[in-house]
Amino acid sequence: MDTVKLTAKEVPELYLEAEHISPDVFAGKSNQEIGDLSVHMGNQTYKLADYFTVEGKAGSTAAETKIIIAGDVSKVKYIGMKMTAGEVEVLGSADMYVGAWMAGGKLLVKGSVDSFAGLAMTGGELIIEGNAKNYIGAASRGDWRGMQGGKIVVKGNVGSDVGSNINGGTIDIGGNADVHLATHADGGTIVVRGVAKGRVGGQMVKGDIYCLGGVERMMPSYKFDHTEEIELDGKMINFQVYFGDLGERHGKKKGEIIYGKIYIATGVSDTAGAKVAPRLEKKVHLSDLQTNQLASALKEMKEPSVQEVRTYIFDNFGVDMKPSQVSRLMSSLKR
């Protein structure tokens, strides 16, 4: 694979729109031709060579071309936009729309990115070693088609509205996720290895969300259905499975209603199936007065779910209990 190295000469005064930084565009071009490609800042048009030095050699096709970007490009947008093959490696951080409409190839960002990375992505692999802001793998404004294929890996934390309108593909988040994760989801898979802040899966009709660190506050339109042991990263993990969004219309397959699913991890076992002790839960207790009030409330509820009771406890007592703790408390009050 032939490699072109771009080195930033200076940080743009405003923000530089550089949608031509892509193996598809560079392939078959000389360094002079690459340097003559247009970039935009505000209402002005410049040459790529005005802001970058160009070294190396592009391959004859996108699949044979790798682009390495050095220097400060934290104010450069659209890197790898619409790329279908080849590789792009950003040695630092980048601005918005990294890998937007990406269809193939591999794009690696060693630092962090701003919002709209992997926008409406259909294929390929986008890896962000730092943090990412909002609308990662989401739909462009006014469109209902978010990420449809490929894989996005963010090793740090993400902002809000990640996976909005996701239809397919996988988003793997190594840290925490802010609010409105997978809003309007109609497919795809999202893994959050930290904590999902809340409003997870709003208006979701299909797809899977795995929250290994839990959800700070589950939406009331999700109902606990069952527990399930699922293999993830070579480990068997116990999950509480919630179906939703119950406020939405859902399709059917072979007579069975298809719901969006949120999986909340409760325990881990090794690959051989032997149980490993779960993490110690923070001991949170209700006072006798609060327990008596809860017991009275449970008598008025019709088959309440664990999440409904958990929400009641938080709203009335300001106590955030783990689902497993709520389940045990409900069992003790029924005796």
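Structure's up top.
Residues numbered from 1 in each chain as written. Predicted model: local features only at pLDDT ≥ 70, side-chain atom pairs only at ≥ 80, totals over all residues. Heavy atoms only, no water.

Describing the overall build of the protein
Here is the rule we go by: We count a stretch as a helix when DSSP gives it H or I for four or more residues in a row; a strand needs E for two or more, and each element gets its number in order from the N terminus. A simple rule labels every residue: compare its accessible area, found with a 1.4 Å probe on the protein chains alone, to the largest value its type can have, and call it buried under 20%, exposed over 50%, or partly exposed in between. Any two residues having at least one pair of non-hydrogen atoms within 4.5 Å are treated as being in contact. Values of accessible area rely on a 1.4 Å probe in the Shrake-Rupley scheme; residue burial ignores everything except the protein chains shown. In this tally Asp and Glu are treated as negative and Lys and Arg as positive; neither His nor the chain ends contributes. A charged residue contributes its charge at one atom only: NZ of Lys, CZ of Arg, CG of Asp or CD of Glu.
If you tally the helices and strands in the protein, you get five helices and 19 strands. Along the longest, intermediate and shortest principal axes, the C-alpha atoms of the protein span 80 × 45 × 40 Å. Across the 335 residues that make up the protein, the buried fraction comes to 49%. Across the protein, contacts joining residues at least 24 apart in sequence account for 40% of those joining residues at least 6 apart. Of the roughly 16100 Å² of accessible surface on the protein, 47% is carried by carbon and sulfur atoms. When the 39 basic and 41 acidic side-chain charges of the protein are each reduced to a single mean position, those positions are 6 Å apart.

Overview of the sheet that holds strand β2 (residues 16–17)
How we decide: In this description, strands pair whenever DSSP reports at least two bridges between them.
Taken together, the four strands give an open sheet; going across it, the order is β4-β3-β2-β7, and neighbouring strands pair in mixed fashion. Unpaired on one side and paired on the other, β4 (44–47) and β7 (76–77) mark the two borders of the sheet. Relative to β4, strand β3 (residues 38–41) runs antiparallel, the two being bridged by four bridges. Bridging from a neighbouring strand, Val39 pairs with Tyr46 of β4.

A short note on empty space enclosed by the protein
Formally: Any residue with an atom within 4 Å of a point lines the site, the site being either a cavity, points on a 1 Å grid over the protein atoms alone where a 1.4 Å probe fits but cannot get out, or a pocket, an open set with protein on both sides within 12 Å along at least 5 of 7 lines. Grid points are joined across faces, edges and corners, and a volume is the space filled by probe spheres set on the points. Polar here means any residue other than Ala, Val, Leu, Ile, Met, Phe, Trp, Tyr, Cys and Pro, which are nonpolar, and Asp, Glu, Lys and Arg, which are charged; Gly is therefore polar.
Going through the model one piece at a time under the given rule, you end up with one cavity of 30 Å³ or more. One number sums up the size of the largest cavity: a volume of about 50 Å³. Looking at the largest cavity, the residues that line it are Glu216, Arg217, Gln307, Arg310, Thr311, Phe314 and Asp320. Broken down by class, the residue content of the lining of the largest cavity amounts to one nonpolar, two polar and four charged.

Points about the packing of aromatic side chains
Counted only if it meets this: To pair, rings of Phe, Tyr and Trp, with the six-membered ring standing in for Trp, must have centres within 6.5 Å; the planes then decide the type, stacked if under 30 degrees apart, edge-to-face if over 60, and tilted in the middle. Think of it as a cone above the ring: NZ of Lys or CZ of Arg counts as a charge over the ring if it is within 6 Å of the ring centre and within 35 degrees of the ring normal.
The tally for this structure, following the rule as stated, stands at 10 aromatic pairs. Pairing Phe224 with Tyr242 gives two aromatic rings, centres 5.6 Å apart and planes at 65°, and the pair type is edge-to-face. Of this pair, Phe224 sits in strand β15 (residues 223–232) while Tyr242 sits in strand β16 (residues 235–244), and the two are 18 residues apart along the sequence. An angle of 20° between the planes, with centres 5.5 Å apart, marks the rings of Phe243 and Tyr259 as stacked. Placement of the pair is Phe243 in strand β16 and Tyr259 in the loop between β18 (256–257) and β19 (260–269), with a sequence separation of 16 residues. Given the relative accessible area of 17%, Phe243 is considered buried. Ring-pair connections join several aromatic residues into one group, and the members of that group are Tyr78, Tyr97, Phe116 and Tyr135. Stacked on the ring of Tyr15, the Lys or Arg Lys75 has its end atom at 5.1 Å from the ring centre.

Regarding helix α4 (residues 306–317)
Rules: One less than the number of residues in a helix, times 1.5 Å, gives the span that helix is expected to have.
The end-to-end C-alpha distance of α4, which contains 12 residues, comes to 16 Å, matching closely the 16 Å that a straight helix rising 1.5 Å per residue would cover. Among the residues of α4, those classed as buried are Val306, Gln307, Val309, Arg310, Thr311, Tyr312, Ile313 and Phe317. Its buried side turned inward, α4 meets β16, α3 (288–300) and α5 (323–334). Of the residues one or two after α4, Gly318 is the one with positive phi, at around 70°.

Some words on the pairing of strand β6 (residues 65–70)
Taking burial as the measure, the six residues of β6 include five buried ones, the bulk of the element. Note that strand β1 (residues 2–8) and β6 share six bridges and pair parallel. Its bridge partner being in β6, Asp2 is matched across the sheet by Thr65. Here β6 pairs with strand β8 (residues 87–90) via four bridges, running parallel. Looking at the pairing, Ile69 lines up with Val90 of β8.

Some thoughts on the nonpolar core
Soluble globular proteins: nonpolar side chains tend toward being buried together. Rules: To form a nonpolar core, buried Ala, Val, Leu, Ile, Met, Phe, Trp, Tyr and Cys residues must be joined to one another through side-chain atoms within 4.5 Å.
Counting 62 residues, the largest nonpolar core has Phe52 and Leu181 as the members making the most contacts within it. The dominant element in this core, judged by the number of residues it contributes, is β1, at three residues. The contacts of Phe52, once residues within four sequence positions are left out, are Leu6, Thr7, Ala8, Lys9, Leu16, Ile21, Ile69, Val73 and Val76. Val306, Tyr312, Phe317 and Met330 belong to the second largest nonpolar core, which has 14 residues in total.

Notes on the pattern of salt bridges
To keep things clear, this is the line we draw: The salt bridge criterion pairs a side-chain nitrogen of Lys or Arg with a carboxyl oxygen of Asp or Glu, the two atoms within 4 Å.
Within this structure, the stated rule accounts for nine salt bridges. Linking Asp95 and Lys77 is a salt bridge whose minimum nitrogen-to-oxygen distance equals 2.6 Å. Of this pair, Asp95 sits in the loop between β8 and β9 (106–109) while Lys77 is found in strand β7, placing the two residues 18 residues apart along the sequence. The burial state of Asp95 is the same as that of Lys77; both residues are buried.

With respect to the packing of α4 against α5
Here is the rule: Whenever a helix is involved, its axis is fitted only over the stretch in contact; in every case the axis is a line through C-alpha atoms, and angles between N-to-C directions fall within 0 to 180 degrees. Roughly parallel means an angle under 35 degrees; roughly antiparallel, over 145; roughly perpendicular, 65 to 115; everything else is oblique.
Their axes nearest at 9 Å, the elements α4 and α5 cross at an angle of 95°. Our classification of the angle between α4 and α5 gives roughly perpendicular. The residues of α5 that touch α4, namely those facing Val306, Val309, Arg310 and Ile313, are Pro323, Val326, Ser327, Leu329 and Met330. Tallied by class, residues from the contact of α4 with α5 come to seven nonpolar, one polar and one charged.

Such coordinate-based values are descriptive only and should not be taken to indicate function.
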